[in-house]
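Architecture at a glance
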Amino acid sequence: MGTLIRLSVGVVTTGSVAAWAVLNDRIDVYRFGGGRIIQLLDPENAHKLAIFAAKQGFAPGQQHSYSEWGGLQTQVWGRHFANPIGLAAGFDKHAEAIDGCLAMGFGFVEVGSVTPEPQPGNPKPRVFRLIKDRAVINRYGFNSVGLEEFEKNLKARESQREIRPGVVGVNLGKNKTTPEADAGVDYSKGAVKLCEYADYIVVNVSSPNTPGLRNLQGKDPLRSLLGSVVSARDSALASRAHDARPPVLVKIAPDLDDHNLRDVAEVVMELGIDGIIVSNTTVGRPDNLLSSSDVVREAGGLSGPPLRELSTKILSETYRFASHSSKSQFSFSVLTP
């Protein structure tokens, strides 16, 4: 069984280590005042600037070759990971800066979430820093350029003369206006459109910022949804051998109780789903938060170090329920750099 680690510092979302590096003035390239200036920007504009920096090759790059540390290499789903530290979805939402993110040293990068049709997400402001807690609350709400533009970005990358090696995952969401009963259609569209570009596919049913989305973690809707996505992938890539098709994973919330976790594990094992990502942001607010109560009360998902205890507990429980499945792979978060 392989284990993957998503680096999830939590400045913009669970996947925003690069934004944290820029905002927190911790990388040498920003040491001479750049990071402090960026801290004056509102969090969403800082996020955009971090994406621009990664896209243009201005983001900090890795200082060493991973060939020096062969023990970091791993094989999961028949795919080679130079190291098990990856960048979670939520940072490069539109697949604009994959190579720039891989250049930072990540073993894999997950892009998205992407919805079938373009949508603006929730009204601004929708990202809030909890400076004293080194955390963030966000309620982006699946702001997305849509599948057409997202695919164009992936195609443009593949048309480059040289692309940086690394595993690329695609994180799928549904449009806000799509009824829960039709969610399978949205996710299946994403799987069909993007499966040829993805090293793995993630079905995101755990964002707290799309009304009703987390209801899809229930046993019956989840079984129907994941079955639809697997069927869509298999139909789109019928000419490929099964092990050459991108594995399908499901991303769950840290707020599930044992009953719901058991249901998720049973569906995953029943359908032969390839992995579980633990976890998304939490709607809970730990009592020990140090930041201003005005910020703490903002609606949205909390990410960063305050999520450590809860996400670790959920990871442990999920492993307990699903570990006897030989197919299960687990991805968990590193909450500090």
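The shown structure was predicted, so the numbers you read here are calculated from the model rather than taken from an experiment.

1. Quick notes on the pairing of strand β6 (residues 127–130)
Regular strands place side chains that alternate from one sheet face to the opposite one. Summarising the sheet, β6 and strand β7 (residues 135–138) pair through four bridges and their orientation is antiparallel. From the neighbouring strand, L130 faces β7, where its bridge partner is A135. A loop of four residues connects β6 with β7, the two strands running antiparallel in sequence, and R134 in this loop sits at a positive phi of about 50°.

2. Regarding the environment of A181
By the secondary structure assignment, A181 is in the loop between β8 (167–172) and α6 (183–194). Taking C-alpha positions, A181 is 9.2 Å from L216, a pair spaced 35 residues apart along the chain.

3. Notes on the sheet that holds β7
Across the sheet, three strands lie side by side as β6-β7-β12; this open sheet has antiparallel pairing. In this open sheet, the two strands that pair with only one neighbour each are β6 and β12 (301–303). Recorded for the sheet is a direction-independent mean angle of 20° between the axes of neighbouring strands.

4. Describing the packing of aromatic side chains
Per the stated rule, a full pass over the model turns up five aromatic pairs. Between W77 and Y200, the ring centres sit 5.7 Å apart and the planes meet at 40°, which makes this aromatic pair tilted. Of this pair, W77 sits in the loop between β2 (74–76) and β3 (79–81) while Y200 sits in strand β9 (residues 200–204); the two residues are 123 residues apart in sequence, bridging distant segments of the chain. Looking at W77, the relative accessible area reads 15%, which means it is buried. Members of the aromatic cluster, joined through ring pairs, are W77, F81, F108 and Y200.

Scoring rules and cut-offs
Residues numbered from 1 in each chain as written. Predicted model: local features only at pLDDT ≥ 70, side-chain atom pairs only at ≥ 80, totals over all residues. Heavy atoms only, no water. Pairing = 2+ DSSP bridges. Helix = DSSP H or I, 4+ residues; strand = E, 2+ residues; numbered from the N terminus. Axes fitted to C-alpha atoms, helices over the stretch in contact; angles between N-to-C directions. Phe/Tyr/Trp six-rings, centres within 6.5 Å; stacked < 30°, edge-to-face > 60°. Buried < 20%, exposed > 50% of the residue type's maximum accessible area, 1.4 Å probe, protein only.

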